[in-house]
Amino acid sequence: MSSVRLFEVAPRDGLQNEEAVLSTDDKLVLIDGLIRAGYKDIEATSFVRASYIPQLADADELMRRLPKVEGVRYWCLVPNMRGLERAIDAGATHIATFLSSSETHNRKNVNRTVRESLDGVKAVIGTARSHGLQVRAYISTVFGCVYEGEIPIERTEFIAAELIAAGAHHLALGDTAGMGHPELVKSSLAHLQAEGIALDQISLHFHDTLGTALANVYAAYEVGARAFDGSVSGTGGCPYAPGAAGNVASQDMVNLFDRLGVHTGIDLEVLSQTGQFLEEVLGHPLPGRYHAYWQGREARKIRSA
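I will try to describe carefully the structure that is included in this document.

## Regarding the pattern of salt bridges
Right, so step 1: For the structure shown, the criterion picks out 20 salt bridges.
Right, so step 2: Of the charged contacts in the structure, one is a salt bridge between Asp58 and Lys27, with a shortest N-O distance of 2.7 Å. Linking Asp58 in the loop between β2 (41–46) and α3 (59–65) with Lys27 in helix α2 (residues 24–37), this pair joins segments that are 31 residues apart in sequence.
Right, so step 3: Looking at Asp58, the relative accessible area reads 12%, which means it is buried.
Right, so step 4: Look at Lys27 and you get buried, because its relative accessible area is 2%.
Right, so step 5: A salt bridge links Arg73 to Asp41, with the shortest nitrogen-to-oxygen separation between them at 2.7 Å.

And the structure:
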């Protein structure tokens with residue numbers, strides 16, 4: 001049986017664009033639900049300035065309170081060397097870096113050119129590796145940018161090669177604006193493979209702005225990708241990509257792979273219960289399709305009881 005590796009990003013990417021600021025206790029309940037569902041790779045938080053992303057201001061406390069569960073890897077995003085120092089002090093063992101393939105998006109996000117960000121990220125990777133940390137490197141706007149439109153895949157190829165050479169263990173290719181489509185995904189991955197970047201070094205991080213996220217997941221899977229990011233019930237978004245929707249909903253992705261006979265290791269029922277909890281604490285409906293289907297099913301059970 002084929003299998004995939006699923007990264008759950010709701011505790012970080014899923015919450016960073018929400019108006020509500022969840023308590024650390026609620027975040028721990030969310031993460032506990034993800035662990036019970038079977039997740040081994042959870043993006044728990046980000047060590048950014050609280051003034052920039054107040055939803056993640058409790059990063060230090062959260063990291064110290066995370067349950068130690070054998071086989072579970074907690075990833076935390078770090079924007080720079082100071083963020084890495086904080087992460088190390090909080091006991092992080094797995095970190096993620098980020099930069100954009102779009103000059104405009106990168107400037108709006110971190111007020112740096114891509115070249116400046118790349119140099120900074122490479123220094124962070126080197127320091128993280130010297131401390132024995134695992135490193136995952138995001139490249140944003142790979143499949144399109146709200147400011148620049150289509151992004152030549154050669155830009156991503158150059159950045160990816162630099163990050164791997166610097167010591168990144170894994171790359172996450174982000175469709176930050178949700179502008180990707182299946183044929184673009186397939187051709188982009190084919191180009192990267194042709195230039196020596198193996199699919200087993202890559203995960204795909206799709207947003208659902210134009211309703212193509214799940215189709216893009218399937219397209220990537222068809223050409224050999226086996227690692228994907230998702231966010232519970234479709235939460236997420238980017239503060240610096242106006243109009244961008246949330247991530248591909250984790251329940252939708254697990255349901256797709258279950259129906260294809262692909263092993264995920266995720267219990268869809270427990271994941272759906274976790275999505276219901278998240279909707280309740282955020283205080284508004286969440287967009288995931290399976291999330292809505294599950295809610296309707298549960299309501300029918302109550303009415304027929």
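Having seen the structure, we can now continue with the description.
## With respect to the packing of helix α6 (residues 114–130) against helix α7 (residues 153–166)
Right, so step 1: The geometry of α6 relative to α7 is characterised by a closest axis approach of 9 Å and an angle of 20° between their N-to-C directions. Accordingly, the angle class assigned to the pair α6 and α7 is roughly parallel. You can see that α6 and α7 cross each other, and the crossing is right-handed. Seen from α6, the contacting residues are Val114, Arg115, Leu118, Val121, Lys122, Ile125 and Gly126; seen from α7, they are Phe158, Ile159, Glu162, Leu163 and Ala166.
Right, so step 2: Here the contact of α6 with α7 is built from residues that sort into eight nonpolar, one polar and three charged.

## Notes on helix α12 (residues 289–304)
Right, so step 1: The end-to-end C-alpha distance of α12, which contains 16 residues, comes to 23 Å, matching closely the 22 Å that a straight helix rising 1.5 Å per residue would cover.
Right, so step 2: Those residues of α12 that sit buried are Tyr290, His291, Trp294 and Arg297. Projected down its long axis, α12 carries its buried residues within an arc of 125°, all on one side. Away from its buried face, by an angle of more than 90 degrees, α12 presents the exposed residues Arg289, Ile302 and Arg303.
Right, so step 3: Along its buried surface, α12 packs onto α10 (250–260) and α11 (268–282).

Rules used throughout
Residues numbered from 1 in each chain as written. Predicted model: local features only at pLDDT ≥ 70, side-chain atom pairs only at ≥ 80, totals over all residues. Heavy atoms only, no water. Salt bridge = Lys/Arg side-chain N within 4 Å of Asp/Glu carboxyl O. Helix = DSSP H or I, 4+ residues; strand = E, 2+ residues; numbered from the N terminus. Buried < 20%, exposed > 50% of the residue type's maximum accessible area, 1.4 Å probe, protein only. Axes fitted to C-alpha atoms, helices over the stretch in contact; angles between N-to-C directions. Parallel < 35°, antiparallel > 145°, perpendicular 65-115°, else oblique. Left-handed = near helix turned anticlockwise from the far one by under 90°. Contact = heavy atoms within 4.5 Å. Nonpolar A, V, L, I, M, F, W, Y, C, P; charged D, E, K, R; others polar. Expected span 1.5 Å × (residues − 1). Arc of directions from axis to C-beta.

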